[in-house]
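One-letter residues, chain by chain:
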Amino acid sequence: ELAVDIVRIKEDLQDTREAYGEDKTYLADLDQMCANRKKEWEERSRTRLEELRALKETIAILSDDDALELFKKVLPSPAASFMQVTESTAQLKRSALRVLRDARQMHMSDNTNLDFIGMAIRGDTRGFGHVQEMINDMIENLAKTQRSDDDKKAWCLDKLSAGAGAKAEFERSIADFSAEMEQVKTALATLKDELKALASSIAALDKSVAEATEQRKAENAEYTNAQAQNVASKQLLEFAKNRLHQFYNPKLHKAAKKEELSRAGRIFDSHSASFVQVARHKQTGEVAPPPPPEAFGAYAKKAEESNGVLAMIDLLIKDLDTDASQSKVEEKNSQADYEEAMTDASKKRAISVKEVTAKTNAQAELTDHLQTLSDKRASMQDKLKAKEEALGSLHKECDWLLQNSEARKEARAGEVDALKKAKAILSGADFN
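As the structure is a prediction and not an experimental result, all values here were calculated from the model. (Residues numbered from 1 in each chain as written. Predicted model: local features only at pLDDT ≥ 70, side-chain atom pairs only at ≥ 80, totals over all residues. Heavy atoms only, no water.)

(A) Region of the structure containing the overall build of the protein chain. The secondary structure content of the protein chain amounts to seven helices and zero strands. When the helices and strands of the protein chain are listed from N to C terminus, the series reads α-α-α-α-α-α-α. Relative to its 432 residues, the protein chain shows a buried fraction of 26%. Sequence separation of at least 24 residues holds for 85% of the intrachain contacts in the protein chain that already meet a minimum separation of 6. (Helix = DSSP H or I, 4+ residues; strand = E, 2+ residues; numbered from the N terminus. Buried < 20%, exposed > 50% of the residue type's maximum accessible area, 1.4 Å probe, protein only. Contact = heavy atoms within 4.5 Å.)

Written as structure tokens, this is what we have:
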């Protein structure tokens, strides 16, 4: 399952990289398009200002006193003179100028168009045909400008919404990666503690096994020594018993070859030799020994007393046999318990080692997964930064328009309405 997750994460990383490349391309195209639109807008504004400036200067030229005097001289008909204005024409001019003035007071923004029309009305002496054409052109230009603003506003809203959505998605992805990284870090910390506990457990188990082994060796050595001492004691008692039989019950005596003397025999020979040496020492001397004492008759063996001694020796031998048997059983049980404990310890250690291997592998996989998550989060952070820069450029281009679009639209509508009323007045309509 972890391998499948790693493959899926790698695929997600590749998709993320491709999406990041596409976003960078989109950002570059967007920057280029914004730059082009800005240049176009600057060129359009410059051309419009130049056009208005030309109109203003033209009107000023044609309205100059010297020009009017010149036109009076050169124009063939008095009806065509700029100064021949009837009372009705003057009234129309005043009405039209009042409408334009009211519009200027209501809309304090750009009133250049109204100013130009007002100047054209004041300076007109040949009729209002060309002024009405100017009004028509200005109304058409205002409509085009409004449509351009509407299109730009819709474009800005669309791009800003899409950019904000992409930014939110990047932020959610970064938050998800960060949360998953915290989970992985917690899992790694848990694994580290578990591995430390397993290492301590294995070390404690090895120490217990070593201590149990040393204890078993000491017990076995003690058992071996005790058994050897029991055997030696039993042999000595058997030898002593056999010696008593030699004297009191010769039929029960078991003769032993001198070269096969046991430890007990060697002890007896040692004591016999010392007795002989003492006897010889007593026999050597300068003074002749005294005459032998009077004989007491034949010696009677103490058979009954010897039977008690022999019974006591038999009891001691029996006790030694019993003790040897019990020690043998205890040694056998101790060895079985030790072997069982060693088997259990070996199984437990194998399980612990297997757990250590599994947890170490899981730790390595989680470490790789954590690095993958860190790389993906860094990639998302780069994308978020690029998207924020793109949104910053969009805000620089669009914020002013979006904040003032309604006011600009209202001002244009008022300007168009004033131009239409002025045109109607110049055509003879009455708005009083």
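On we go.
(B) Quick peek at empty space enclosed by the protein. In this structure the tally under the stated criterion is one cavity of 30 Å³ or more. Roughly 60 Å³ of volume is contained in the largest cavity. Tyr-20, Asp-23, Tyr-26, Leu-27, Lys-383, Ala-386, Lys-387 and Ala-390 together form the lining of the largest cavity. For the lining of the largest cavity, the secondary-structure elements that each account for two or more residues are helix H1 (2-63) and helix H7 (303-426). (1 Å grid on protein atoms, 1.4 Å probe; cavity = no way out; pocket = protein on both sides within 12 Å on 5 of 7 lines; lining within 4 Å. Points joined across faces, edges and corners; volume = space filled by probe spheres on them.)

(C) Inspection of the nonpolar core at higher detail. Membership of the largest hydrophobic core is limited to 12 residues, which are Phe-170, Ile-174, Phe-177, Met-181, Val-184, Leu-188, Leu-191, Leu-366, Leu-370, Leu-373, Met-380 and Leu-384. For this core, the elements supplying multiple residues, two or more each, are helix H5 (129-248) and H7. At seven residues, H5 tops the list of elements feeding residues into this core. Counting eight residues, the second-largest nonpolar core is a separate cluster that includes Cys-34, Trp-155, Leu-391 and Leu-394. (Core = buried A, V, L, I, M, F, W, Y, C linked by side-chain atoms within 4.5 Å.)

(D) Quick look at the state of the cysteines. Taken as a whole and judged by the stated rule, the model has one disulfide. The disulfide partner of Cys-156 is Cys-398, and the gap between their sulfur atoms is 2.0 Å. Negative torsions about the S-S bond denote left-handed disulfides, and the value of about -70° found for Cys-156 with Cys-398 makes this one left-handed. With Cys-156 in helix H5 and Cys-398 in helix H7, the pair connects residues that are 242 residues apart, well separated along the chain. An identical accessibility class is assigned to Cys-156 and Cys-398; each is buried. (Disulfide = S-S within 2.5 Å.)

(E) Quick look at the environment of Ser-233. Here Ser-233 lies in helix H5. Linking Ser-233 and Ile-317, residues 84 residues apart in sequence, is a C-alpha distance of 8.3 Å.

(F) Molecular detail of the side chain of Asn-242. Take Asn-242: it is sitting in helix H5. For Asn-242, a relative accessible area of 16% gives the class buried. A polar atom in the side chain of Asn-242 sits 2.6 Å from the backbone nitrogen of Lys-254. With sequence-adjacent residues up to four places away left out, Asn-242 is seen in contact with Leu-252, His-253 and Lys-254. (Polar contact = N/O pair within 3.5 Å; in protein donor to acceptor, adjacent residues only side chain to side chain.)

(G) Examining the confidence of the model for the protein chain more closely. Chain-level statistics for the protein chain give a pLDDT mean of 76 and a share of 66% at 70 or above. Within the protein chain, the element-level pLDDT minimum falls on helix H6 (residues 263-283), averaging 46, and the maximum on H5, averaging 89. (pLDDT = per-residue confidence, 0-100.)

(H) A look at the pattern of salt bridges. What the rule picks out here adds up to 12 salt bridges. One salt bridge connects Lys-152 with Glu-397, and the closest N-O pair in it is separated by 3.2 Å. Separated by 245 residues along the polypeptide, Lys-152 in helix H5 and Glu-397 in helix H7 bring together distant segments of the chain. Of the charged contacts, one joins Arg-216 and Glu-331 as a salt bridge, the two residues approaching to 2.9 Å between their closest N and O atoms. Taken as a pair, Arg-216 in helix H5 and Glu-331 in helix H7 lie far apart in primary sequence, 115 residues in all. (Salt bridge = Lys/Arg side-chain N within 4 Å of Asp/Glu carboxyl O.)

(I) Geometry of the side chain of Gln-146. Its location among the elements puts Gln-146 in helix H5. Residue Gln-146 is classed as buried on the basis of its relative accessible area of 13%. The residues contacting Gln-146, other than those within four sequence positions of it, are Arg-408, Lys-409 and Arg-412.

(J) Expanded view of a negative patch on the surface. Residues Glu-11, Asp-15, Glu-18 and Glu-22 make up a contiguous surface patch of negative charge. Within the element layout of this structure, Glu-11 appears in helix H1. (Patch = residues over 30% accessible without salt bridge, like charges linked within 9 Å, V, L, I, M, F, W, Y side chains within 5 Å. Areas by Shrake-Rupley, 256 points an atom, 1.4 Å probe, with all protein chains shown as cover. Lys, Arg positive; Asp, Glu negative; His and termini not counted. Charge placed at Lys NZ, Arg CZ, Asp CG, Glu CD.)

(K) Inspection of the environment of Leu-27 at higher detail. Relative to the helices and strands, Leu-27 is located in helix H1. In this structure Leu-27 comes out as buried when scored by relative accessible area, which is 14%. With 359 residues separating them in the primary sequence, Leu-27 and Ala-386 have C-alpha atoms 7.8 Å apart. With residues near it in sequence (within four places) discarded, Leu-27 still touches Ala-386 and Ala-390.

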